[in-house]
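Here's the letter readout for the chains.
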Amino acid sequence: MLAQAVDGLIALGLFFFIGMMLAKRFGGMTEQGFNLTGLPALILVSISLAFMLAYFILLEGFFGVTPGKVVAEIRVTDPAGRPITMRASIIRNLMRIIDGIIFYVVAAFCVILTKRNVRLGDMAGGTVVVRREQGRAIRAGMLAIALLVATGSIWGSFAMREAP
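On a predicted model such as this, the values are computed, not experimentally measured, just so you know. (Residues numbered from 1 in each chain as written. Predicted model: local features only at pLDDT ≥ 70, side-chain atom pairs only at ≥ 80, totals over all residues. Heavy atoms only, no water.)

1. Some points on the packing of helix α1 (residues 2–26) against helix α2 (residues 38–63)
Okay, so step 1: Where α1 contacts α2, the two axes come as close as 9 Å, and the packing angle between them is 145 degrees. Considering the relative orientation of α1 and α2, their crossing is right-handed. Touching Q4, D7, I10, A11, L14, F15, I18, G19, L22 and F26 of α1 are P40, I43, L44, I47, S48, F51, M52, Y55 and F56, all from α2.
Okay, so step 2: Residues of the contact of α1 with α2, tallied by class, amount to 15 nonpolar, three polar and one charged. (Axes fitted to C-alpha atoms, helices over the stretch in contact; angles between N-to-C directions. Helix = DSSP H or I, 4+ residues; strand = E, 2+ residues; numbered from the N terminus. Left-handed = near helix turned anticlockwise from the far one by under 90°. Contact = heavy atoms within 4.5 Å. Nonpolar A, V, L, I, M, F, W, Y, C, P; charged D, E, K, R; others polar.)

2. Looking at the packing of aromatic side chains
Okay, so step 1: Per the counting criterion, the structure on display carries five aromatic pairs.
Okay, so step 2: A ring pair is formed by F15 and F34, whose centres lie 5.9 Å apart and whose planes are at 50 degrees; its orientation type is tilted. Of the two residues, F15 sits in helix α1 while F34 sits in the loop between α1 and α2, which places them 19 residues apart along the sequence.
Okay, so step 3: Accessibility expressed as a relative area gives 30% for F15, which makes it partly exposed.
Okay, so step 4: Seen in terms of ring centroids, F16 and F34 are 5.9 Å apart; in terms of plane orientation they differ by 75 degrees. Their pairing is edge-to-face. Of this pair, F16 sits in helix α1 while F34 sits in the loop between α1 and α2, placing them 18 residues apart in sequence. (Phe/Tyr/Trp six-rings, centres within 6.5 Å; stacked < 30°, edge-to-face > 60°. Buried < 20%, exposed > 50% of the residue type's maximum accessible area, 1.4 Å probe, protein only.)

3. Structural notes on the side chain of D7
Okay, so step 1: The topology assignment puts D7 in helix α1.
Okay, so step 2: Although buried, D7 forms no salt bridge, and the nearest oppositely charged side chain, K69, lies 4.7 Å from it.
Okay, so step 3: Here the side chain of D7 touches Y55 through a polar contact of 2.6 Å, side chain to side chain.
Okay, so step 4: Setting aside chain neighbours within four positions, we find D7 in contact with M52, Y55, F56, T66, P67, G68 and K69. (Lys, Arg positive; Asp, Glu negative; His and termini not counted. Salt bridge = Lys/Arg side-chain N within 4 Å of Asp/Glu carboxyl O. Polar contact = N/O pair within 3.5 Å; in protein donor to acceptor, adjacent residues only side chain to side chain.)

4. Some remarks on the environment of I57
Okay, so step 1: With respect to the helices and strands, the residue I57 is situated in helix α2.
Okay, so step 2: On the basis of relative accessible area, I57 is assigned to the buried category, the value being 13%.
Okay, so step 3: Taking C-alpha positions, I57 is 15 Å from I47, a pair spaced ten residues apart along the chain.

From the geometry alone we can't say anything about function, so treat these as descriptive.
Here's what the structure looks like:
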């Protein structure tokens, strides 16, 4: 849950940034941010979801971790402890669509009910999430980066709104 929360901060920053760009282009700026409906809202959701899917696929496929996983001291591997393949990462992360239903309740039930404590994406991708201790400085640094990305994106969104 900690990993999802940290990665969610990055997603939130991205969502605000893209939302403000679209609101500036299509109208929909408000004092609090933006209000998009119809096609601009669909574009916002589509771009945000595509970016986050690519974020998880690429970072887990190449490094086995996302910033959130570094903070939570976990890593994605194959059952033998080796790095996962890009194919496994794609399958694992496409299953987030099902695992993520109702704020990852489906994933939570799978983790609780399976012997190896894995979610559907791990079963389909042939992956496991394992503990990997990180130094306190590395964890703090990665959390700081995630917070900077999120706040920088949101701050930049509002600064963009006020630009002519």
